[in-house]
Amino acid sequence: MASLEVELFGIRFKNPLILASGINDKVPEQWIRAHEEGAGGVVTKSIGIEPRKGYDNPTIVELPYGLVNAMGLPNPGWRGFLEMVEGYTFDFPLIVSIFGGTPEEFAFLAEKLSDVADAFELNLSCPHAKGYGMEIGQKPENVHEVVKAVKDATDRPVIAKLTPNIDDITKLGVAAEKAGADAVSAINTLKAVAIDVYARRPILSNRVGGYSGPGVKPVALRAVYDLARTLEIPVIGIGGITTWQDAVEFLLAGASALQVGTAVSLRGWKVFQEINKGIARYLEDEGFSSVRDIVGLALEE
C-alpha cells in the first residue's frame, strides 16, 4: 500500500488532505468530523480579536461550478475561541486561522492562541471583509510585515494564505518567504459578484463575495505551479479540489499538501475518503510508493 503520509514544518499528517478554513469549520465538532471522515488535518474558521457577527443573509450563492460567499469573517473572537476549545483534545494537527487589521493584531492573536494551535494560517486574502484579508495581503510589503510580526510572537509554524486577486502571486510568496514563513497556502477565493436578474441587484447582502469551487481550479493550479517554481518553502494547494484527479494535479504542480473546503459543501464529508482512496490507487497503479514521490513532478523540464 502506497503511503499517503506527509510532513510539513515538522508536523506529520496522515494524508495530504486538510479541511480548509471557510464554511464547514466553525466548531470543534466539525473539525473532529472532518478528521473522522479522512482529513489529515484541519484549519479553523478565521479568528480575530473581537467577536464578529458577520454579514446578514444571503451570504452564499450556489452556482453550477461552485459558490460565491461573503460571510463577513464571523467568529467568536480569541477569548470565545479559547472557551470553545476548552476541554477538547485533538489527535490531528489543528491549524488556527487568524486575521487582523495590522501586523500587531496578527502578532497579538498568535501569542494568545499559541497554546492551542499546532500552526497558524494567516488570512491575508479574504476578498470581502473591509480592512482585512485581501486589502492587506495584496501588497508584498504588508505580507512581509505581518509574517515577520507573527514569527516574532510565536514558535509555532506560520503559513501565509495568499490572495489570487493580484497581477503576480509570486510577489506575495517571495515576501512571505523572506519574512520567515514556514509555508504558503494558495489560493483564497476570487473576488466575484452574483446578480438576481429579476431583483436587478447583487444577491449577496455584501454585494461582493469570493468565488470558490471547481470553476476556480485552473486559476488555483496555475498559482500553485508558479509558487512552487519560485519558492523554497512548501506550498499548500487550495481551490476547486473536488476529485482525486484534481488532488493529483495539484501535487504534480508542486503542492506538498492540499486543502479541501467547498467540495465538502457540494459533495459531503465523504469527499475526503474518496479523494484519499483515489490518490492511493493512482500511486499504486503508477508505481509510486509515497505521495511525496509525485510532488512537483510537473515542474521538471
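What counts and how
- Residues numbered from 1 in each chain as written.
- Predicted model: local features only at pLDDT ≥ 70, side-chain atom pairs only at ≥ 80, totals over all residues.
- Heavy atoms only, no water.
- UniProt positions renumbered as here; feature names shortened; annotations may be inferred.
- Helix = DSSP H or I, 4+ residues; strand = E, 2+ residues; numbered from the N terminus.
- Rg over C-alpha atoms; globule rule 2.2 N^0.38 Å.
- Buried < 20%, exposed > 50% of the residue type's maximum accessible area, 1.4 Å probe, protein only.
- Contact = heavy atoms within 4.5 Å.
- Lys, Arg positive; Asp, Glu negative; His and termini not counted.
- Charge placed at Lys NZ, Arg CZ, Asp CG, Glu CD.
- 1 Å grid on protein atoms, 1.4 Å probe; cavity = no way out; pocket = protein on both sides within 12 Å on 5 of 7 lines; lining within 4 Å.
- Points joined across faces, edges and corners; volume = space filled by probe spheres on them.
- Nonpolar A, V, L, I, M, F, W, Y, C, P; charged D, E, K, R; others polar.

- An unreviewed UniProt entry annotates the protein as Dihydroorotate dehydrogenase originating from Thermococcus aciditolerans.
- Taken verbatim from the UniProt record of the protein, the Subcellular location (unreviewed entry) comment is "Cytoplasm".
- Entered under Subunit (unreviewed entry) in the UniProt record, the comment concerning the protein runs "Heterotetramer of 2 PyrK and 2 PyrD type B subunits."

## Observations regarding the overall build of the protein
Next up, step 1: The secondary structure content of the protein amounts to ten helices and 16 strands.
Next up, step 2: For 301 residues, the compact-globule estimate of 2.2 N^0.38 gives 19 Å, and the C-alpha radius of gyration of the protein, at 18 Å, lies within 12% of that figure.
Next up, step 3: With respect to the principal axes defined by its C-alpha atoms, the protein has extents near 50 × 50 × 40 Å.
Next up, step 4: Counting only residues that meet the buried cut, the protein has 56% of its 301 residues in that class.
Next up, step 5: A sequence separation of at least 24 residues applies to 71% of the contacts in the protein between residues at least 6 apart.
Next up, step 6: Each charge sign in the protein was given a centre, from 29 positive and 39 negative side chains, and these centres are 7 Å apart.

## What to know about empty space enclosed by the protein
Next up, step 1: Counting across every chain of the model gives one cavity of 30 Å³ or more.
Next up, step 2: Put simply, the largest cavity is a space of about 510 Å³.
Next up, step 3: Lining the largest cavity are 35 residues, and of these S21, G22, K161, N188 and T189 lie nearest its centre.
Next up, step 4: Those elements that provide at least two residues to the lining of the largest cavity are strand 8 (119-123), strand 14 (208-212), strand 16 (255-260) and helix 9 (262-267).
Next up, step 5: Classifying every residue of the lining of the largest cavity by side-chain character gives 14 nonpolar, 18 polar and three charged.

## What to know about unusual backbone geometry
Next up, step 1: Between N57 and P58 the backbone carries a cis peptide bond, its omega angle lying at 0 degrees.
Next up, step 2: Structurally, P58 is set in the loop between strand 4 (41-43) and strand 5 (60-63).
Next up, step 3: Following A186, the chain continues into I187 via a peptide bond in cis, with omega recorded as 10 degrees.
Next up, step 4: In this structure, L73 is a non-glycine residue whose phi angle is positive, near 55 degrees.
Next up, step 5: Turning to its location among the elements, L73 is positioned in the loop between strand 6 (66-69) and helix 2 (77-85).
Next up, step 6: Residues other than glycine seldom take positive phi values, yet R200 does so here, at roughly 60 degrees.

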